[in-house]
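# Geometric and topological summary
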Amino acid sequence: MVDGEVGNREFAFDAVVVGAGFAGLYMLHRLRGLGMSAVVLEQAAGVGGTWYWNRYPGARCDSESYYYCYSFDRELEQEWTWTERYPRQPEIKAYLDHVADRFDLRRDIRFSTTVTGARADADGRGWTVTTTGAEAGERTVRCRFLITAVGCLSAANVPDLPGLESFAGRWFHTGQWPHEGVDVAGRRVGVVGTGSTGIQAIPVLAETAAHTTVFQRTANYSIPARNGPLSDAESRRYKADYPQIREVQAQSTNGHPFVINQQSALEVGASERDAAYRAAWERGGLRFRAAYRDLLADEAANETASEFIRDRIREIVRDPATAERLLPRDHGFATKRPPIDTHYFETYNRDDVTLVDVRSDPIEAVVPEGLRLRSGTVHPLDDLVFATGFDALTGPLLRLDPAGPDGTTLGEAWREGPRTYLGLAISGFPNLFTITGPFSPSVLTNMPSSIEQHVDWIAGCLEHLRDTGTDRIEADPAAEREWAEHNRQAADATLLPRAATSWYLGANVPGKPSVFMPYAGGFARYAATCTDVARSGYRGFRLGAPRAAA
Ligand code: N01
């Protein structure tokens, strides 16, 4: 069935948005505000995006609830009350359900609809999007503009281990967790992966499982979250302070409402530094990395924080051999995405938890009874949990399989790695916008902050195109090359590209080109660049001739 006939100039919609998470919901709201017709295509049966799928035990946000939310509507800010310092997955999902209802968004969302491809018109002035859904066969939707709101961490990365199909137990990826939950009582559970997800899930699984075996490839730093209920007084204070909080976020490096200490970790004495780290450790959360300005820029400075955390691990974990295996030594603190936890390291003091180092003895195969390592050791398991992360940033876009006017697919265009202009647009793919695409700050920031900034920019751009009667926009390849170079320099000014196993570089997916994908130059600086590009009349973009002139 065809919505708007393929090949003619009639469009069913001004815009198709793919994804109904934080980004897609707000994009739809802004498109409506512009008086544009729009539909959101969503694979899931409900809204939420990441927070629809990631229902694993312990799933909760590492940003604090009072700012892991929209800022675009003052009434929404005041009427929603968070219950904990860090929101659990069901609470964030409930918040996004509330937003969808409050702004009457659902009537323009097609749920259970998977985008399987998208083809630009030969003249680059529209798109035909192909979907599959509940009905048999494919459907197509015609639109002028295609806007991806697919998130950065939505394409699950399940390791390609031989024998997985032979496993006699149950296996799960944390990002595709069964909605009905998984009861692990009395079972031997294996968890592969010690990133943010594994570090959240392991303590919770260990509370119920008969035995938990953690398969660790890279030891990780983690800061205690210090989660707890939000009191009425705290909620009232945040609500009263929102104007200032939002201002701090807008001026920040990473969209979080905290100011990074402008001292160097190396210009203070050891005891003063230790006291600062102790205070940050006690306060808990991602703010730890704001202790000194050069933690992500100078190896010696970083090492002071890294060693402080290693000391805490040595202190918490009773068995010295286990503690030693848990010490991260191949990368500095926060050069990979730093997890925060609730009793993660303490979990290794349980008799029913075993840590297995699969860096020195890699997983070789799944066998019916469990996991077999290269040494031949078999760990018997009833349940296998892959907390193995995602094909980050590029994976969700490549899955949409867009093709430009000349038929070149995104997979072909990005064979050597991604290239974008501002993370918002891709040369060769006119009238396509990518919310939080590669080479935008995205995963280095508090995501709702980046999402709102991108959506607002795209809405402003669409308004400009409409007001000038322009129906085609495309990133200029030269601007894209310059942006890539600026990204490389911004990343190289930090320690981030040196963490060899980082998913920021695509290192977690075998065969993925090694490119540092998020923009490391800072959120406020990035947003100012985007604003400047718009003010300059969209420098670096090729705008089609206005309709009247054409
Ligand atoms: O994934 P990861 P994640 N054999 O890629 C290991 C966000 N998030 O789902 O480091 C053995 O970080 C891999 O090892 P290595 C957040 O941005 C946000 O945990 O590649 N091990 C690593 O230990 C986060 O960073 C929240 O050597 C294998 C782990 O699996 C991002 O999601 C909460 C392996 C994967 O860690 C991804 O986190 C949770 C193999 N074949 C997550 N393959 C919020 O608060 C992979 N690993 C918003």
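Shown above is the structure to which this text applies.
All figures in this text were calculated on a predicted structure; none of them were measured in a lab.

Time to look at the layout of surface pockets. Reported here for the second largest pocket is a volume of approximately 640 Å³. As for the second largest pocket, its lining consists of 32 residues, and the residues nearest its centre are Thr253, Asn254, Ile260, Arg293 and Leu296. Of the residues assigned to the lining of the second largest pocket, the class counts are 19 nonpolar, nine polar and four charged.

Bringing the environment of Thr116 into the picture now. Structurally, the position occupied by Thr116 is in strand E5 (residues 114–120). Each C-alpha atom of the pair Thr116 and Leu400 lies 5.6 Å from the other, and the pair is 284 residues apart in sequence. Setting aside chain neighbours within four positions, we find Thr116 in contact with Thr130, Thr131, Thr132, Glu138, Leu400 and Asp401.

Moving on to the nonpolar core. Soluble globular proteins tend to pack their nonpolar side chains together in the buried interior. Core analysis: the biggest nonpolar cluster contains 82 residues, and Tyr95, Ile147, Trp457, Leu462 and Phe541 have the highest contact counts within it. The biggest single contributor to this core is helix H12 (residues 447–467), with nine residues. If you look at the next biggest cluster of nonpolar residues, it comprises 48 residues, including Val191, Leu205, Ala291 and Ala305.

For the structure shown, the criterion picks out five cavities of 30 Å³ or more. Considered as a void within the structure, the largest cavity measures approximately 70 Å³ in volume. Lining the largest cavity are Tyr66, Glu77, Trp80, Thr81, Trp82, Leu230, Ser235, Tyr238, Lys239 and Tyr242. When residues of the lining of the largest cavity are assigned to their parent elements, the largest contribution, four residues, is made by helix H6 (residues 232–250).

Rules used in this analysis
- Residues numbered from 1 in each chain as written.
- Predicted model: local features only at pLDDT ≥ 70, side-chain atom pairs only at ≥ 80, totals over all residues.
- Heavy atoms only, no water.
- 1 Å grid on protein atoms, 1.4 Å probe; cavity = no way out; pocket = protein on both sides within 12 Å on 5 of 7 lines; lining within 4 Å.
- Points joined across faces, edges and corners; volume = space filled by probe spheres on them.
- Nonpolar A, V, L, I, M, F, W, Y, C, P; charged D, E, K, R; others polar.
- Helix = DSSP H or I, 4+ residues; strand = E, 2+ residues; numbered from the N terminus.
- Contact = heavy atoms within 4.5 Å.
- Core = buried A, V, L, I, M, F, W, Y, C linked by side-chain atoms within 4.5 Å.
- Buried < 20%, exposed > 50% of the residue type's maximum accessible area, 1.4 Å probe, protein only.

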